[in-house]
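If you want the building blocks of each chain, they are given just below.
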Amino acid sequence: MQNHKRPPASIIFIFGGSGDLNYRKLSPALYNLFLDNYMPENFAIAGIGRSPYDNGAYRERLLDGIQKFSRRKGEQNGHWADFSQHITYLQMDAEDRAAYSAITDFVKAKEEEWGVHPNVIFYLSVAPQLMPAIAQKLGSLNLCSDKHSTRIVVEKPFGHDLQSAHELNELLLSMFSEEQIYRIDHYLGKETVQNLIALRFANALFEPLWNRNYIDHIQITASETVGLEGRGGYYENSGALRDMVQNHILQVMCMIAMEAPVSFDANEIRNKKVDVLNAIRKFTKDKIHENAVRGQYSAGWRQGKQMPGYREEKGVDPESATETYAAVKFYVDNWRWQGVPFYVRTGKNMHQKATNITLQFRQAPHYAFPAESAETWRPNRLTISIQPEMDIRIRFQAKRPGQSMELDPVEMVFNFDRQYGDDHAPEAYETLLLDVMEGDATLFMRADQVEAAWKVVMPILETWESRTPVDFPNYAPDSWGPEDADALIARDGHAWINLPK
Ligand SMILES: NC(=O)C1=CN([C@@H]2O[C@H](COP(=O)(O)OP(=O)(O)OC[C@H]3O[C@@H](n4cnc5c(N)ncnc54)[C@H](OP(=O)(O)O)[C@@H]3O)[C@@H](O)[C@H]2O)C=CC1
Ligand SMILES: O=C1O[C@H](COP(=O)(O)O)[C@@H](O)[C@H](O)[C@H]1O
């Protein structure tokens, strides 16, 4: 969130250095930071895993990921030879305490080479079950005692439920101070998500309307066309509510619903967000059915190709009750938002990849136009497209040219690509990794934020887990999700807004 310069000397240890996230996201992000001259003058990246790689083979593997997944499609790889010299692979079992001497030795060697004490960053890009063991070892071996320069980055999911998230927080906080802990939610690193703060708090135009007096309801959609992508083992124990709603969607909702911050201090922003989470109505179990819908995709077709159902995917129980779709109607019980529903939905294998937020305004209080023009009268909307489209549109009524007063809904659009070109935007992980090196935690989740978000979803999870869904699978691939979700919003006289591709 601060304006960036080159961070101080840093060593980044990536536990899970041989894994998928590093291959597809972290290494491309670090390389892009290097190309943009944002890596420190002195830096080292040490990937950690048990798989046997020598440095050469490891660097080759990462280059392959960069060529496939970087936003820069290979054209600047001329700098790879230079960048790759900063990468080392440490083959070690993270459960073997003795093996951690390799980390201590590595830090000492770099300190001697650079003549400065660097930031030491431990990035936990491993399965959640392994995180406590690693954190414990780092703590007990005194590898995190320098509160100023040592940081730990914790990937999602942060816990499996409120209890486990609380335990993980307690464990981390017994080893590290809160300022050293960076809990990742990669949505917060997205340009368009950060722009929500600019849209709301750098303009006088929107804020006076941003409340229950003018807004009828809000919709947040995060739909995906992909299915499990080989992550059946993880997803089967997670589901859409844990995977997307507890973290990404609630964080986006916080940015829409929060009060204006006094400053951009990390804790100030996080305080404002946690206020929203605390104000979200916690449903009693008897209210879940009318406010939340779950779905699971069946076998079917997408663009002429046959697709397996969720229950046929690798790593999934053939009678699985895991939801691949969730829709919830939330209320934020505070002065600003009383009575305004926030409809949120997310799902795998849906018709379109799209993350959008729409604020639908109330109808104008009096309709003075000829009655026949009312047919095309539509409520005003502000729609913010987070991805893959990156734009902000305002829908309003305009007079159709001609001799009669006929109205049409029309749009004003601000499009990031048209304004800034289409290679303007750093990937979320670039922003987040740079923030970690600089010690800026604004875009990361604080312990109380994570737990407050779990408190929101726990009643739904507990209710769903205590009742087997009788109608799974209940939506087809390439569709907009289950009919019950349409009914959830239709009961209030609304419909889900599916933007054209
Ligand atoms: N992949 C993705 O798109 C996303 C992943 N995440 C999160 O990121 C984290 C990593 O995910 P992902 O990369 O997909 O997982 P992978 O299964 O691909 O990688 C797991 C990594 O952990 C390492 N590992 C496992 N056990 C040990 C051990 N005992 N000692 C040392 N290393 C070990 C593996 O290395 P080896 O086998 O060589 O020992 C491997 O590098 C998870 O928390 C996941 O939820 C979050 C968002 C998206
Ligand atoms: O964290 C996760 O996010 C991705 C969606 O991320 P996006 O940046 O592509 O919107 C989701 O596919 C994955 O299941 C989830 O773990």
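Residues numbered from 1 in each chain as written. Chains lettered and ligands numbered in written order. Predicted model: local features only at pLDDT ≥ 70, side-chain atom pairs only at ≥ 80, totals over all residues.

### Thoughts on the site of ligand 2
Reasoning step 1: Neighbouring residues of ligand 2: Lys156, Glu224, Asp243 and Thr355.
Reasoning step 2: Classifying every residue of the shell around ligand 2 by side-chain character gives no nonpolar, one polar and three charged. (Near = placed C-beta within 6 Å. Nonpolar A, V, L, I, M, F, W, Y, C, P; charged D, E, K, R; others polar.)

### Notes on the site of ligand 1
Reasoning step 1: Ligand 1 sits among 22 residues. The nearest are Gly19, Gly49, Arg50, Ser51 and Ala94.
Reasoning step 2: Of all the secondary-structure elements, those providing two or more residues to the shell around ligand 1 are helix H1 (20-35) and strand E2 (43-49).
Reasoning step 3: Across the shell around ligand 1, the residue classes tally to nine nonpolar, seven polar and six charged. (Helix = DSSP H or I, 4+ residues; strand = E, 2+ residues; numbered from the N terminus.)

### Some points on the domain arrangement of the protein
Reasoning step 1: Under the domain assignment, the protein is made up of domain 1 (10-155) and domain 2 (188-490).
Reasoning step 2: Between the C-alpha centres of domain 1 and domain 2 there is a distance of 33 Å.
Reasoning step 3: Every contact between the two is made by 14 residues of domain 1 and, on the other side, eight residues of domain 2.
Reasoning step 4: Every element with two or more residues in the side of domain 1 that touches domain 2 is listed here: H1, strand E4 (119-124) and strand E5 (150-154).
Reasoning step 5: If you tally residues by element for the side of domain 1 that touches domain 2, the top one is H1, at six residues.
Reasoning step 6: Residues belonging to the side of domain 1 that touches domain 2 are distributed by class as follows: eight nonpolar, three polar and three charged. (Domains from an automatic or database assignment. Contact = placed C-beta atoms within 7 Å.)

### Looking at helix H7 (residues 191-201)
Reasoning step 1: Within H7 the residues assigned to the buried category are Thr192, Val193 and Leu199. The buried residues of H7 all sit within an arc of 105° when viewed along its axis, so they share a single face.
Reasoning step 2: Taken together, the buried residues of H7 touch helix H9 (240-257), strand E14 (381-387) and strand E15 (391-399). (Buried ≥ 20, exposed ≤ 12 C-beta atoms within 10 Å, placed from the backbone. Arc of directions from axis to C-beta.)

### Notes on the UniProt feature "binding site: NADP(+)" (unreviewed entry) in the protein
Reasoning step 1: The UniProt record annotates "binding site: NADP(+)" (unreviewed entry) at Arg50 and Lys156.
Reasoning step 2: Mapped onto the elements of the fold, Arg50 is located in the loop between E2 and helix H2 (55-69).
Reasoning step 3: Using a count of 12 C-beta atoms within 10 Å as the deciding quantity, one classes Arg50 as exposed.
Reasoning step 4: With residues near it in sequence (within four places) discarded, Arg50 still touches Gln91 and Asp93.
Reasoning step 5: Within the fold, Lys156 resides in the loop between E5 and helix H6 (162-175).
Reasoning step 6: Residue Lys156 is classed as partly exposed on the basis of its 19 C-beta neighbours within 10 Å.
Reasoning step 7: Not counting the four nearest positions on each side in its chain, Lys156 is found in contact with Ile184, Asp185 and Asn247. (UniProt positions renumbered as here; feature names shortened; annotations may be inferred.)

### Brief notes about unusual backbone geometry
Reasoning step 1: Cis geometry marks the peptide bond from Lys156 to Pro157, where omega comes out at 0°.
Reasoning step 2: For the peptide bond that leads from Gln387 to Pro388, omega is -10°, which places it in the cis range.
Reasoning step 3: Of note, Pro388 is situated in the loop between E14 and E15.
Reasoning step 4: With a phi close to 65°, Asn37 is a non-glycine residue in the positive phi region.
Reasoning step 5: Mapping Asn37 onto the fold places it in the loop between H1 and E2.
Reasoning step 6: Phi angles above zero are rare outside glycine, and Glu229 is one such case at about 50°.

### Remarks on the environment of Gly139
Reasoning step 1: Residue placement: Gly139 occurs in helix H5 (residues 131-140).
Reasoning step 2: With 37 residues separating them in the primary sequence, Gly139 and Phe176 have C-alpha atoms 7.4 Å apart.
Reasoning step 3: Dropping the residues within four chain positions of it, Gly139 is found in contact with Cys144, Ser174 and Met175.

### Brief notes about the packing of H9 against helix H14 (residues 447-466)
Reasoning step 1: One way to put it is that H9 packs onto H14 with a least axis distance of 10 Å and a crossing angle of 145°. Where H9 crosses over H14, the two elements pack in a sense that is right-handed. Along its contact with H9, which presents Leu241, Val245, Gln246, Asn247 and Leu250, the element H14 presents Ala453, Trp454, Val456, Val457, Ile460 and Leu461.
Reasoning step 2: When grouped by side-chain class, the residues that make up the contact of H9 with H14 number nine nonpolar, two polar and no charged. (Axes fitted to C-alpha atoms, helices over the stretch in contact; angles between N-to-C directions. Left-handed = near helix turned anticlockwise from the far one by under 90°.)

### Overview of the nonpolar core
Reasoning step 1: Judged by nonpolar contacts, the single largest core of 122 residues is most densely connected at Phe13, Ile152 and Met253.
Reasoning step 2: Counting residues per element, this core draws most heavily on H9, which supplies twelve residues.
Reasoning step 3: Two domains each provide a minimum of three residues to this core, namely domain 1 (10-155) and domain 2 (188-490).
Reasoning step 4: When sequence neighbours within four positions are dropped, the list of residues in contact with Phe13 reads Ala46, Ile48, Ile103, Ile121, Phe122 and Tyr123. (Core = buried A, V, L, I, M, F, W, Y, C linked by C-beta atoms within 7 Å.)

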